[in-house]
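Breakdown of the fold
Residues per chain are reported as follows:
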Amino acid sequence: MPALDLALLTTAALEAGQLARRYWRTSPETWEKPGHQGPVSEADIAIDRRLRQMLTAARPGYGWLSEETEDDPARLGAERVFIVDPIDGTRAFLEGDRSFAHALAVAEAGRVVAAVVFLPLRDKLYSAIRGGGAYLNGASIRPSARSALDGASVLATRPALDPEHWDGPVPHVHRALRASLAYRLCLVAEGRYDAMLTIRDSWHWDTAAGSLILTEAGAAVTDLGGCPLIYNTAPPLSRGIIAAPPALHAEILSRLA
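As the structure is a prediction and not an experimental result, all values here were calculated from the model.

**Thoughts on the layout of surface pockets**
- Its boundaries defined by the atoms lining it, the largest pocket holds a volume of some 910 Å³.
- Lining of the largest pocket is provided by 31 residues; of these, Gln37, Ala179, Arg184, Arg200 and Asp206 occupy positions nearest its centre.
- Elements represented by at least two residues in the lining of the largest pocket include exactly β4 (80-88), α3 (90-94), α4 (181-189), β12 (195-198) and β13 (202-203).
- Classifying every residue of the lining of the largest pocket gives 13 nonpolar, nine polar and nine charged.

Here it is as structure tokens:
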């Protein structure tokens, strides 16, 4: 079943990419979400609506969790659930940047079993099923072999490197950032960066797809306490994210306050 779900997610992601291209750099209608949750646009809503239509028609028994759909507690009783971010990196999308992504996953009993992250303007399709490895445009990917934190390349916001978050000296790293959290996870999975760290609570739709791609590539991904990420919970949040090759992940975890 995960292989069939992956095929479905891939078809849906490609469809989302076609829709995104129509709206990209056309100044779509935009408004701010309540509670300082950032911008949302008519493109986000149109893609969300299309994805929900496609995916739930094909799998009517699956639950649904999406950033742009009002949460329905019925998903908590579903055996499997779609976890979707129609546009991860909306702000970048609206600014005409190419580094936004569509993140689609299927979770079963709290664990992601199939996942796709698609960057339509970069022609990058990451995919994985549980037990089947991780791929970028059909080619197998692996994380870096780095084990030492000092000197590592890390995707993180500036506040993540504030002294209060570290037990001892702040590590000396090469910091970078991408707007899409799902893309950041995938960049670690393919070894272009050594690690990804976020201190803030993370929504499941931002991380579900990337977390499976990471683990299937051979990296470790947990919350800030070192606990496995469990999906389709109430609320749909994880307590931060640490993603890195296993030895580097262990060092980050040991050095965090």
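**Quick notes on the sheet that holds strand β7 (residues 124-129)**
- Read from one edge of the open sheet, seven strands run β3-β4-β5-β6-β7-β8-β9, paired in mixed fashion. Edge strands, defined here as strands with exactly one partner in the open sheet, are β3 (63-66) and β9 (139-140).
- Note that β3 and β4 share four bridges and pair parallel. Bridge pairing in β4 links Ser66 to Val84.
- Against the sheet, helix α1 (residues 2-23) contacts β4, β5 (101-108), β6 (111-119) and β7, and its axis sits at roughly 30 degrees relative to β6.
- Contacts between helix α2 (residues 42-58) and the sheet are confined to β3, β4 and β5, with β4 contributing the most and set at about 155 degrees to the helix.

**A short note on the nonpolar core**
- Ile83, Val117, Tyr126, Ile141, Met196, Ile213 and Leu214 are the most contacted members of the largest nonpolar core, which totals 41 residues.
- If you list the elements that add at least two residues to this core, you get β4, β5, β6, β7, β8 (134-136), α4, α5 (204-217) and β16 (241-244).
- At eight residues, α4 tops the list of elements feeding residues into this core.
- When residues no more than four places from it in sequence are discounted, the contact partners of Ile141 are Tyr126, Ala134, Tyr135, Leu136, Ala189, Glu190, Ile213 and Ala217.
- The next biggest cluster of nonpolar side chains, apart from the first, holds 29 residues, and it includes Ala16, Trp24, Ile47 and Leu51.

Rules and cut-offs
- Residues numbered from 1 in each chain as written.
- Predicted model: local features only at pLDDT ≥ 70, side-chain atom pairs only at ≥ 80, totals over all residues.
- Heavy atoms only, no water.
- 1 Å grid on protein atoms, 1.4 Å probe; cavity = no way out; pocket = protein on both sides within 12 Å on 5 of 7 lines; lining within 4 Å.
- Points joined across faces, edges and corners; volume = space filled by probe spheres on them.
- Helix = DSSP H or I, 4+ residues; strand = E, 2+ residues; numbered from the N terminus.
- Nonpolar A, V, L, I, M, F, W, Y, C, P; charged D, E, K, R; others polar.
- Pairing = 2+ DSSP bridges.
- Contact = heavy atoms within 4.5 Å.
- Axes fitted to C-alpha atoms, helices over the stretch in contact; angles between N-to-C directions.
- Core = buried A, V, L, I, M, F, W, Y, C linked by side-chain atoms within 4.5 Å.
- Buried < 20%, exposed > 50% of the residue type's maximum accessible area, 1.4 Å probe, protein only.

Just distances and angles here, no functional claims.
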